[in-house]
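# Structural characterization, general
Listed below are the residues making up each chain.
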Amino acid sequence: MKKLALAAAISVAATSAFAGGMAEPIMEPAPVVEKASSSAGGIVVPLLLLLLVAAAASN
């Protein structure tokens, strides 16, 4: 009788461990990092070049 109770307890414990099955992993989306840009928008270098050309032409 004790062996029957022990076998029943083990079988109940074993079936509850696998009750849920294998769950699909939940992947969180990767954060999007935006590149910070200045307000000049890339016009600083051409303006400096134009200033240098104007200074060289005036001499």
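Being a predicted model, the structure only gives us computed values, none of them experimental. (Residues numbered from 1 in each chain as written. Predicted model: local features only at pLDDT ≥ 70, side-chain atom pairs only at ≥ 80, totals over all residues. Heavy atoms only, no water.)

To continue, consider the overall build of the protein chain. Counting its secondary structure elements, the protein chain contains two helices and zero strands. Counting over 59 residues, the protein chain shows a buried share of 0%. For the protein chain, the exposed area adds up to about 6100 Å²; of that, 72% sits on carbon and sulfur atoms. (Helix = DSSP H or I, 4+ residues; strand = E, 2+ residues; numbered from the N terminus. Buried < 20%, exposed > 50% of the residue type's maximum accessible area, 1.4 Å probe, protein only. Areas by Shrake-Rupley, 256 points an atom, 1.4 Å probe, with all protein chains shown as cover.)

This part is about a nonpolar patch on the surface. Residues Ile-43, Val-44, Leu-47, Leu-48, Leu-50 and Leu-51 make up a contiguous nonpolar surface patch of about 590 Å² in total accessible area. Summarising the element assignment, Leu-47 is placed in helix H2 (residues 44-58). Given the relative accessible area of 49%, Leu-47 is considered partly exposed. (Patch = residues over 30% accessible without salt bridge, like charges linked within 9 Å, V, L, I, M, F, W, Y side chains within 5 Å. Salt bridge = Lys/Arg side-chain N within 4 Å of Asp/Glu carboxyl O.)

Moving on: H2. Across its 15 residues, H2 extends 21 Å between first and last C-alpha, which sits within 8% of the 21 Å expected from 1.5 Å per residue. Across the 15 residues that make up H2, only a small minority, zero, are buried. (Expected span 1.5 Å × (residues − 1).)

Bear in mind that shape data such as this cannot, by itself, settle questions of function.
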